[in-house]
Amino acid sequence: MRYQLILLSLLTGLASATAEPLDLPAAIAAARAGNPELRSARAQADAVSGRAAQAGAWPNPELELSAEDIPADNLGLSRSKNMIGIAQTVPFPGKKHFEARAADAEATAADWEYSQRERELIRDVKASFYRVLATEQKLAVSDQLVALSRSLADAERRRVAAGDAGDQELLRAEVEEERAGTERNTVAAALAEARQELAALLGVTALPALQGNLRESAELPAADLAQHPGVRAAAAQSERARLELNRALLDPFPDFTVSAAVGRDEATDESLVEFRVSVPLPLFDWGLGKRREARALAEARRYDAEAITQRLQRQHGTQLARCRAAQENVRAYRDRILPKAEKAAALVRTGFDAGKFGFLDLVDTQRTLTEARLAYWDKLLELNLALAELEALAGHTTESP
């Protein structure tokens, strides 16, 4: 009940409290509580845990009632042997032990798989959150370009009306105005898509405004890949396959059934006690196919664990290199490219006002500046996406390590 109240509070707050911006930790908490895929993964892990609790149980005993030697001329029970007893199937020693341990290993693997899914969800929330922030900034840059293009087009109209400029310059200004508007619409559509993606990850229909900043640099976290949920889940699955192989090796040894019954022979008025033991004869099925399958699966699971470890090592190395390259690109745009583009645009604008530069020079330098600003936000987004991937490998579930 407490979990349900917390979940309801989070979802209601996200859906209605548009005045309160949503930061990244709150978005992660909301996704943990409301993401339907994560909740389904938790339910599936709980189902596996239920199977594990059942795996070690013996089969239920059977109640046996029998009436024998009923005379054909008297179908009642007054002259027959009437018995009541209990029959219990006894598994061969070791079978239930390995079945229970294999089920526990499967439950452990399911829990680690859930942890991995949770870690991947946090990574996806971070990436989506960063994508929304970056696209909002790109939209602001596009809005500035639209406003500037509109003002330049208005200025050219006045110059043409005054006879100081030709129609070709006005047409060029109007083309730039239209192009800026279409590019702005493209960025706005990308922002709407990014917000919808984030809302889906949080399990909500209405997403409030976001609060936060993209990181320009960060200390790259170290990852202990041996503790990664994917590695731990694969190790548990390998252990499960090994235990199932041990269980399959016991298949040739059959279970046996023990029964005991008491009753009376009504015809002779004597009390009866009966004991029985039944054992299946392995004449046709020695479980050869099951043992072969179990050996192959145990080997496959062992190789799966090795492959997952190697894949994570490659991913970690790739993301480290990606982060380092992205940090250098961000520094290049922030410290060198953007300042030069802004200075060039300012000089050309001053020269244009003084009549030293033409309209095409002004448009080219302004577009260069806009492209540099948009590229800067792309590089910053690339850095933050790489950091989200690296933090997922390292197990960091917050914004920074």
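Up top is the structure.
Notes on the structure follow. (Residues numbered from 1 in each chain as written. Predicted model: local features only at pLDDT ≥ 70, side-chain atom pairs only at ≥ 80, totals over all residues. Heavy atoms only, no water.)

**Quick word on the overall build of the protein**
As a reminder, the rule being used: Going along the chain from the N terminus, every DSSP run of H or I of four or more residues is numbered as a helix, and every run of E of two or more is numbered as a strand. Values of the radius of gyration come from C-alpha atoms, whereas the globule rule sets the reference at 2.2 Å times the count of residues to the power 0.38. Note on classification: 1.4 Å probe, protein chains only; a residue is buried when its accessible area is under 20% of the maximum for its type, exposed when over 50%, partly exposed between these limits.
For the protein, the helix and strand inventory stands at eight helices and four strands. For the protein, the N- to C-terminal ordering of α and β elements is α-α-α-β-β-α-α-α-β-β-α-α. Computed over C-alpha atoms, the radius of gyration of the protein comes to 37 Å, more than 25% over the 21 Å expected from 2.2 N^0.38 for 401 residues, which places it beyond the range of a compact globule. Its C-alpha atoms give the protein principal-axis dimensions of roughly 135 × 45 × 35 Å. For the protein, with 401 residues in total, the buried portion stands at 37%.

**Structural notes on the sheet that holds strand β1 (residues 62–68)**
To be explicit about the condition: In this scheme, strands are said to pair when DSSP sees at least two bridges between them. Here, axes are lines fitted to C-alpha atoms. For helices the fit covers the stretch in contact, and angles between N-to-C directions go from 0 to 180 degrees.
Spatially, the four strands line up as an open sheet ordered β1-β2-β3-β4, and their pairing is antiparallel. Across the chains shown, the open sheet's two edge strands, defined by having one partner strand only, are β1 and β4 (270–278). The sheet shows a mean angle of 20 degrees between the axes of neighbouring strands, taken without regard to direction.

**Re the environment of L360**
With respect to the secondary-structure elements, L360 resides in helix α8 (residues 359–394). L360 sits in the partly exposed class, given a relative accessible area of 44%. Considering only alpha carbons, one finds L360 and T186, 174 residues apart in sequence, at a separation of 24 Å.

**So, helix α7 (residues 288–353)**
Quick note on the threshold: Here the expected span of a helix is defined as 1.5 Å times the quantity of residues minus one. Think of it this way: the bend at a residue is just the angle between two axes, each fitted to seven residues, one set ending at that residue and the other starting at it.
Relative to the 98 Å expected for 66 residues at 1.5 Å per residue, α7 spans 91 Å between its end C-alpha atoms, a close match to the ideal helical length. Along its length, α7 shows its largest kink, about 40 degrees, at Y333.

**Concerning the packing of aromatic side chains**
Note the threshold: Pairing of aromatic rings covers Phe, Tyr and Trp, the last counted by its six-membered ring, and requires centre-to-centre distances within 6.5 Å; plane angles under 30 degrees mean stacked, over 60 mean edge-to-face, and any other angle means tilted. Lysine and arginine charges are scored as sitting over a ring when NZ or CZ, respectively, is within 6 Å of the ring centre and within 35 degrees of the ring normal.
In total, this model carries two aromatic pairs according to the counting rule given. For the pair F92 and F253, a centre-to-centre distance of 5.0 Å together with 20 degrees between the ring planes defines the contact as stacked. Residue F92 is located in the loop between β2 (81–90) and α4 (95–162), and its partner F253 is located in the loop between α6 (229–248) and β3 (256–265); the two are separated by 161 residues in the primary sequence. Where Y376 meets W377, the ring centres are 5.3 Å apart and the plane angle is 65 degrees; that geometry is what we call edge-to-face. Owing to a relative accessible area of 18%, W377 belongs among the buried residues under this scheme. Its guanidinium or amino end placed over the ring of Y114, R42 lies 4.5 Å from that ring's centre, counting from NZ or CZ. Above the ring of Y303, the side-chain terminus of R302 is found at 4.6 Å from the ring centroid.

**Thoughts on the side chain of S128**
What counts, and what does not: Contacts are residue-level and defined by heavy atoms, with any inter-residue pair within 4.5 Å sufficient.
The topology assignment puts S128 in helix α4. A relative accessible area of 0% places S128 in the buried class. Ignoring any residue separated from it by four or fewer positions in sequence, one finds S128 in contact with A194, E197, L198 and L201.

**Regarding the pairing of β3**
Each regular strand displays side chains that alternate between the two surfaces of the sheet. Note that β2 and β3 share 10 bridges and pair antiparallel. What sits directly across from T89, in β3, is T257. By the bridge criterion, nine bridges tie β3 to β4 in an arrangement that is antiparallel. Within the sheet, the bridge partner assigned to V262 lies in β4 and is V273. From the end of β3 to the start of β4, which pair antiparallel, there are four residues, and D269 there has a positive phi angle of about 60 degrees.

**A short note on the packing of α4 against helix α5 (residues 167–202)**
Basically, it comes down to this: These descriptions rest on fixed angle ranges, namely under 35 degrees for roughly parallel, over 145 for roughly antiparallel, 65 to 115 for roughly perpendicular, and the rest for oblique. With the far helix as reference, a near helix turned anticlockwise by less than a right angle produces a left-handed crossing, and one turned clockwise produces a right-handed crossing. Charged means Asp, Glu, Lys or Arg here, nonpolar means Ala, Val, Leu, Ile, Met, Phe, Trp, Tyr, Cys or Pro, and polar covers whatever is left, Gly included.
Where α4 contacts α5, the axes come no closer than 8 Å and their chain directions differ by 160 degrees. With respect to α5, the element α4 is oriented roughly antiparallel. Regarding α4 and α5, the two cross each other, and that crossing is left-handed. Residues belonging to the contact of α4 with α5 are distributed by class as follows: 21 nonpolar, five polar and 18 charged.

**Some details on the pairing of β2**
As paired elements, β1 and β2 share seven bridges and run antiparallel to each other. Each residue of the ladder has a partner; that of E62, found in β2, is A87.

**So, the nonpolar core**
Filter applied, for reference: In this text, buried Ala, Val, Leu, Ile, Met, Phe, Trp, Tyr and Cys residues form a nonpolar core when linked through side-chain atoms within 4.5 Å.
Grouped together as the largest cluster of nonpolar side chains are 60 residues, with contacts concentrated most on V125, F129, L198, L202 and L210. Mapped onto this core, the elements with two or more residues apiece are α2 (24–34), α3 (36–55), α4, α5, α7 and α8. Tallying contributions element by element places α4 first for this core, with 15 residues. Those residues in contact with V125 that lie beyond four places of it in its chain are L24, A27, I28, A31, L198, L201 and L202. In this structure, L152, F352, F359 and L362 belong to the second largest nonpolar core, which totals nine residues.

**Considerations on unusual backbone geometry**
Unusually for a residue other than glycine, D269 sits at a positive phi of about 60 degrees. Mapping D269 onto the fold places it in the loop between β3 and β4.

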